[in-house]
Amino acid sequence: MEIKLTKTPKFGPSGHSESFLLDHSATIEMPKWVSSLGLELFEYSFGKGVRLSEKTAREIGREAAEYGIEISVHAPYFISLASVEQEKVDNSIGYLTASLRALRQLGGQRCIFHTGSEGGKPRAEAYARAKDAFIRALDEIKAQGLDDMLVCPETMGKSAQIGTVEEVIDLCKLGDNVYPCVDFGHINALYGGILKNKDDFQAIVDKMFDGLGEEKTKNMHVHFSKIQYGPKGEIKHLTFDDQIYGPEFDSFADVIVKNNLTPHILSESAGTQSEDALEMKNIWQSKLLK
Ligand SMILES: [Zn+2]
C-alpha cells in the first residue's frame, strides 16, 4: 500500500461553510474556492448516505487535482458495527465500501467513520462486537481491492458511542490501512473539558505514539472544533467565537510543532468551518516563526 504522506500539516473545512454558500452551491466549485483561501483539504460528508454519482465524483476529483486540494470523505452516520442485528452490520460494511469507492473516484485517501453505539448493551460486549464486525469489514475492503486507501475510526463525544482514544487505538492496530481520526472537540466534550493546555494534548498524542507508533500518529486525521457538552458528553458544535467550552487550537499547535506532526486537520465548526480552518493554519504558522 502506498500512502501519500505530507511534509507539513494540512488544513481545510468539513462541509460547506456559510461563506461558501453565500455565492456557491455545488461541491464542484469547492476545490477552487478552498484553494483561493490558502487551504489544502476538504471533507465531503456522506452523513446521510453515499449519494454521489460516479460522474460528479470524478468531476469534483478533477477539480481537486487541478487546485491541489485533497478530499476526504465522512462515511454515513448510521454505520453501526456494534449492532446485535446482523443485517445492520452487513449494511454498515456496505456503507464503508461504498464510501471508499466514491473516495477513489474523488481521488482522495481517507475515509472517516463512526464505529457505532452501545445500543443498551454493556460497553465491553458492544465494543467486542464492533471490533469483530470491523475485522470483517477490513476483509471485505481488501477483497474488493479498496485497501489502498485509509479507513479512520473517529474518537467520539458521547459516552454511549464507541470510540474512546483507547478503543480507536485498538481498532487502528487491525490493519496497515487503519489510521486514527482524532476529534479533539469530542475528547474534550466526552470528559467534561479535559483539554486545557498543551500537556493535556501531549498526553493524547503520547498514547497514540505508544499504541500506534510514529507513522500513524504523525499522519493522524484530526477533526478540530469547539463543542458544547453536558453530563453525557457532546451537545453541539460551536464556532471559534466560543469562550466557554473549548478546546483551544493554540495548545494543540504547540504539540504539532514540538512533535513534528503532519496531521490533516479539518474544521467542523458550525458554519465557520473555512474561516476557522484558516485561523488554525495561521496559528500553526505563527508557531514556526518563534
Ligand atoms: Zn465524525
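Our subject in this report is the structure included herewith.

Here is what the cut-offs are and how they apply
- Residues numbered from 1 in each chain as written.
- Predicted model: local features only at pLDDT ≥ 70, side-chain atom pairs only at ≥ 80, totals over all residues.
- Helix = DSSP H or I, 4+ residues; strand = E, 2+ residues; numbered from the N terminus.
- Expected span 1.5 Å × (residues − 1).
- Buried ≥ 20, exposed ≤ 12 C-beta atoms within 10 Å, placed from the backbone.
- Contact = placed C-beta atoms within 7 Å.
- Pairing = 2+ DSSP bridges.
- Axes fitted to C-alpha atoms, helices over the stretch in contact; angles between N-to-C directions.
- Core = buried A, V, L, I, M, F, W, Y, C linked by C-beta atoms within 7 Å.
- Parallel < 35°, antiparallel > 145°, perpendicular 65-115°, else oblique.
- Left-handed = near helix turned anticlockwise from the far one by under 90°.
- Nonpolar A, V, L, I, M, F, W, Y, C, P; charged D, E, K, R; others polar.

### Considering helix α10 (residues 273–288)
Okay, step 1: The end-to-end C-alpha separation of α10 is 23 Å, in line with the 22 Å expected for 16 residues at 1.5 Å each.
Okay, step 2: Those residues of α10 that fall on the buried side of the exposure criterion are Q273, S274, D276, A277, M280, K281 and W284.
Okay, step 3: Tucked into the core, α10 has its buried residues touching β1 (10–13), α1 (18–23), β9 (221–224), α9 (249–258) and β12 (264–267).

### Some thoughts on the sheet that holds strand β2 (residues 41–45)
Okay, step 1: The strand order β2-β3-β4-β6 describes an open sheet built from 4 strands, whose pairing is parallel. Only two strands of the sheet have a single neighbouring strand rather than two, namely β2 and β6 (150–153). Each strand axis lies, on average, 25° off the axis of its neighbour in the sheet, ignoring direction.
Okay, step 2: Sheet strands touched by helix α4 (residues 86–106): β2, β3 (70–74), β4 (110–113) and β6. Its angle to β3, the strand with the most contacts, is close to 165°.

### So, the nonpolar core
Okay, step 1: One finds V73, A75, L96, L106, C111, A130 and V151 to be the most contacted residues of the largest nonpolar core, which totals 78 residues.
Okay, step 2: With 8 residues, helix α5 (residues 123–143) is the single largest residue contributor to this core.
Okay, step 3: When neighbours within four sequence positions are excluded, C111 is seen to be in contact with V73, A75, S99, L100, L103, M149, L150, V151 and C152.

### Focus on the sheet that holds β12
Okay, step 1: The strand order across the open sheet built from 4 strands is β1-β12-β9-β8, with neighbouring strands paired in parallel fashion. Only two strands of the sheet have a single partner each, and these edge strands are β1 and β8 (181–183). Sheet twist, expressed as the average angle between the axes of neighbouring strands with direction ignored, equals 20°.
Okay, step 2: Taken together, the 4 bridges between β9 and β12 define a ladder with parallel strand orientation. Across the sheet, the residue bridging to V222 is I265, located in β12.
Okay, step 3: Along the sheet, α10 makes contact with β1, β9 and β12, crossing β1 at roughly 165°.

### Observations concerning the packing of α9 against α10
Okay, step 1: Between α9 and α10, the shortest axis-to-axis distance is 9 Å and the interhelical angle comes to 50°. When the interaxial angle is binned, α9 and α10 end up oblique. Crossing of α9 over α10 shows right-handed handedness. In this structure, α9 uses F249, D250, A253, D254, I256 and V257 to contact α10, whose residues at the interface are M280, I283, W284, K287 and L288.
Okay, step 2: Here the residues of the contact of α9 with α10 sort into 8 nonpolar, no polar and 3 charged.

### Overview of the packing of helix α8 (residues 198–218) against α9
Okay, step 1: Where α8 contacts α9, the axes come no closer than 8 Å and their chain directions differ by 50°. By the criterion of interaxial angle, the relationship of α8 to α9 is oblique. For the crossing formed where α8 meets α9, the hand is right-handed. Contacts between α8 and α9 involve K198, F201, Q202 and V205 on the former and, on the latter, S251, F252, D254 and V255.
Okay, step 2: A breakdown of the residues in the contact of α8 with α9 according to their chemical character gives 4 nonpolar, 2 polar and 2 charged.

Fair warning: the whole summary comes from geometry, so function is off the table for now.
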